[in-house]
Amino acid sequence: MTTPVKIYIAGHRGMVGGAILRQLQARQAAGEDLQLVTRTSAELGLTNQAAVQAFMQAERPDQVILAAAKVGGIHANNSYPAQFIYENLMIECNVIHAAFEAGVHQLLQLGSSCIYPKEAPQPMAEDALLTGGLEATNEPYAVAKIAGIKLCESYNRQYGVDYRSVMPTNLYGPGDNFHPENSHVLPALIRRFHEAVQSGAKSVTIWGSGTPRREFLHVDDMAAASLFVLDLAPEIYQRETKPMLSHINVGCGEDVSILELAQLVAQVTGFAGEILTDPSKPDGTPRKLMDVTRLQRLGWRASIGLQAGLAQTYDWFLQQDSDDLRSK
C-alpha cells in the first residue's frame, strides 16, 4: 500500500486557500491519494509560535501550502500598517520555520505583486524585486511578503529544502471580501454598483482618477497555477529560477484601467447610471502588470477571462447576499 501525500493548507478559509482546497479535493475525488490537513484560525493561531511548532510536530505533513495572510485594500493598509507587517511576518516566520523543524521538504508560499517597486518597469519581471522604493500605501505588507520570499530562499540555500514562492497579481472570485471599506478594488466596486442598482442611484463615484491600470486574475486560475508550480520537478523549477531570485509571477498578462473595470462591473451588475471619479482620493501605483514569461515558459497560462470571471463572481456575491437575508 502507498502512503497518502499529506498536505497542510494554511489559510484554507481565505479566498485563495479555499480555491486551492477545492482543487485538491477534486483531485482526491478523481483518485489521487491525498490527506488534506486544515485548521481554522480559532483552532490554530498562526502568529503563535509555540502553537504552530506543536501542530507541525504532531502532523508532520509532506507538503505545506502557505496561503494564510492578513490582506486588505488601500484603506485597510493605510489604517492598520502595524498589524499588516507584524501579522504577516509572524505567520511566515512561524509556518516556514516550524515546517522545516518538522522535516517538511516541500512548501509553497503565496505572496503579492505589491512586492515590486512603485516605479518598476512594466510589465514587472521577477528581477525587478528590490530595485526601487515601494508604494507607500502598502509598504509594510510588501516588506513582509518580500521577507517571506527571502525566508524560503534562505532555507533552501542553507538546508537543501524545496520551498517555493508564487506572486499573484490582483485576485478576485468566490470567497472574496466585499467589505465597503477594507476590501480590494474589484469586490468594492461590485458591492458599490450592486447597492447603486438596489437604491436606484443615478451615479457612482470611484476613488481616484480612474487612470491607474491593474491586472486581475480569477482565484481558480491562481489555485491551478499554485498547484502547477508546486508539482514541478525540482530540476524544471530550478531551470527557470535562481537561488536568490526564485519566486514566480502569476497573472494573465493583461490589464485594464480602473475606469474600464468600473464600466465592466456596471455592465455585469446592470447599473446604467453615470460613473464619476474622485481625484482627491489616492490612486496608488500607476500601473501593475505582471511579466508572466517565466510561468508561461514552464507551461501554464490563465484560462478565465475577466468578463466571464466577473459575471461568476457577481453570481456568487448575490448568493451570499440571499443567504444573509434568509438567515436574518
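See the structure above.
Residues numbered from 1 in each chain as written. Predicted model: local features only at pLDDT ≥ 70, side-chain atom pairs only at ≥ 80, totals over all residues. Heavy atoms only, no water.

Q: In this structure, what is going on with the overall build of the protein chain? I would like to understand it.
A: Along the backbone of the protein chain there are 11 helices and 13 strands. On C-alpha atoms alone, the protein chain measures out to a radius of gyration of 20 Å, which is about the 20 Å that the 2.2 N^0.38 rule sets for 328 residues. Each of the three principal axes of the protein chain carries a C-alpha extent, and together these read 60 × 50 × 40 Å. Summarising the internal contacts of the protein chain: among those between residues at least 6 apart in sequence, 83% fall at separations of at least 24. Total accessible area computed for the protein chain in this model is approximately 14,700 Å², and 50% of it derives from carbon and sulfur atoms. In the protein chain, the 27 positive side-chain charges and the 35 negative ones have mean positions that sit 1 Å from each other. (Helix = DSSP H or I, 4+ residues; strand = E, 2+ residues; numbered from the N terminus. Rg over C-alpha atoms; globule rule 2.2 N^0.38 Å. Contact = heavy atoms within 4.5 Å. Areas by Shrake-Rupley, 256 points an atom, 1.4 Å probe, with all protein chains shown as cover. Lys, Arg positive; Asp, Glu negative; His and termini not counted. Charge placed at Lys NZ, Arg CZ, Asp CG, Glu CD.)

Q: Would you explain the pattern of salt bridges in this entry?
A: Side-chain pairs of opposite charge can arise where the charged atoms are in close proximity. The full count for this structure, using the stated rule, is 15 salt bridges. A salt bridge links Arg191 to Glu195; the shortest N-O distance between them is 2.9 Å. With Arg191 and Glu195 both in helix 6 (residues 185-199) and four residues apart, this pair spans about one turn of that helix. Two residues, Asp255 and Arg287, come together in a salt bridge whose shortest N-O distance is 2.6 Å. (Salt bridge = Lys/Arg side-chain N within 4 Å of Asp/Glu carboxyl O.)

Q: Whenever I open this one, the nonpolar core confuses me. Can you help?
A: The nonpolar side chains of a soluble globular protein tend to be buried, and buried together. Counting residues in each nonpolar core, the largest one holds 30 residues, and the members touching the most others are Ile20, Leu24, Ile65, Leu110, Met222 and Val250. For this core, the elements supplying multiple residues, two or more each, are strand 1 (5-10), helix 1 (15-29), strand 4 (106-110), helix 7 (219-231), strand 10 (248-250) and helix 10 (293-298). It is helix 7 that provides the largest number of residues to this core, a total of seven residues. When residues no more than four places from it in sequence are discounted, the contact partners of Leu110 are Val16, Ile20, Ile65, Leu66, Ala67, Lys145, Val166, Met222 and Ser226. With 24 residues, the next largest nonpolar core counts Ala10, Val37, Ala99 and Val161 among its residues. (Core = buried A, V, L, I, M, F, W, Y, C linked by side-chain atoms within 4.5 Å. Buried < 20%, exposed > 50% of the residue type's maximum accessible area, 1.4 Å probe, protein only.)

Q: What am I meant to see in the packing of helix 4 (residues 81-101) against helix 5 (residues 139-159) here?
A: Packed helix pairs are specified by the crossing angle of their axes together with the interaxial distance, meaning the distance between the axes. Axis separation between helix 4 and helix 5 bottoms out at 8 Å; the angle between their running directions is 15 degrees. When the interaxial angle is binned, helix 4 and helix 5 end up roughly parallel. The handedness of the crossing between helix 4 and helix 5 is right-handed. Residues Pro81, Phe84, Ile85, Asn88, Leu89, Glu92, Cys93, Ile96, His97 and Phe100 of helix 4 form the contact with helix 5, whose participating residues are Pro140, Tyr141, Val143, Ala144, Lys145, Ala147, Gly148, Leu151, Cys152, Tyr155 and Tyr159. Looking at the contact of helix 4 with helix 5 residue by residue, the classes come out as 16 nonpolar, three polar and two charged. (Axes fitted to C-alpha atoms, helices over the stretch in contact; angles between N-to-C directions. Parallel < 35°, antiparallel > 145°, perpendicular 65-115°, else oblique. Left-handed = near helix turned anticlockwise from the far one by under 90°. Nonpolar A, V, L, I, M, F, W, Y, C, P; charged D, E, K, R; others polar.)

Q: Sorry if this is basic, but what is going on with the packing of aromatic side chains here?
A: What characterises a pair of aromatic rings is the spacing of the ring centres plus the angle enclosed by the ring planes. Within this structure, the stated rule accounts for nine aromatic pairs. With a centroid separation of 5.3 Å and 70 degrees between ring planes, the pair formed by Phe193 and Phe271 is classed as edge-to-face. Within this pair, whereas Phe193 is found in helix 6, its partner Phe271 is found in the loop between helix 9 (258-269) and strand 12 (274-278), the two being separated by 78 residues in sequence. We note that Phe193, like Phe271, is buried. One aromatic cluster in this structure is built from Phe178, Tyr314, Trp316 and Phe317. Over the ring of Phe84 we find Lys70; its NZ or CZ atom is 5.2 Å from the centre of that ring. (Phe/Tyr/Trp six-rings, centres within 6.5 Å; stacked < 30°, edge-to-face > 60°. Lys NZ or Arg CZ within 6 Å of the ring centre and 35° of its normal.)

Q: Please explain the sheet that holds strand 11 (residues 256-257) as it appears in this structure.
A: Paired through backbone hydrogen bonds, the strands of a sheet run either parallel or antiparallel to each other. A sheet is described by the order of its strands in space; here three strands give the open sequence 11-8-13, paired in mixed fashion. Two strands lie at the open edges of the sheet, namely strand 11 and strand 13 (287-288), each paired on one side alone. As judged from the two bridges shared by strand 8 (residues 213-214) and strand 11, these two strands associate in the antiparallel manner. When the sheet's bridge partners are listed, Arg214 is paired in strand 11 with Val256. (Pairing = 2+ DSSP bridges.)

Q: Please explain helix 9 as it appears in this structure.
A: Helical periodicity: at 3.6 residues per turn, an α-helix aligns residues three or four positions apart in one direction. The end-to-end C-alpha distance of helix 9 is 16 Å, a good match for the 16 Å that 12 residues give at a rise of 1.5 Å each. Along helix 9, the positions that sit buried rather than exposed are Ile258, Leu261, Ala262, Leu264, Val265, Ala266 and Thr269. Looking one or two places after helix 9, you find Gly270, whose phi comes out positive at around 85 degrees. (Expected span 1.5 Å × (residues − 1).)

Q: Any chance you could explain the packing of helix 6 against helix 9 here in plain terms?
A: Orientation of helix 6 relative to helix 9, taken along the N-to-C sense of each, is 45 degrees, at an axis distance of 9 Å. Of the possible angle classes, the one that applies to helix 6 and helix 9 is oblique. Relative to helix 9, helix 6 is oriented so that their crossing is right-handed. Between helix 6 and helix 9, the residues in contact are Val185, Leu186, Leu189, Ile190, Phe193, His194 and Val197 and Ile258, Leu261, Ala262, Val265, Ala266 and Thr269, respectively. Its residues placed into classes, the contact of helix 6 with helix 9 shows 11 nonpolar, two polar and no charged.

Q: Could you clarify how one ought to interpret the sheet that holds strand 2 (residues 34-37) in this entry?
A: Read across the sheet, six strands follow the order 2-1-3-4-5-10 without closing on themselves; strand pairing throughout is parallel. The open sheet has two edge strands, strand 2 and strand 10, and neither has a second partner. Each adjacent strand pair in this sheet contributes to an overall mean axis angle of 20 degrees, direction not counted. Here five bridges tie strand 4 to strand 5 (residues 162-168), and the two strands are oriented parallel to one another. Bridge pairing in strand 5 links Leu108 to Arg164. Across the sheet, helix 5 touches strand 4 and strand 5, and the angle it forms with strand 5 is around 155 degrees.

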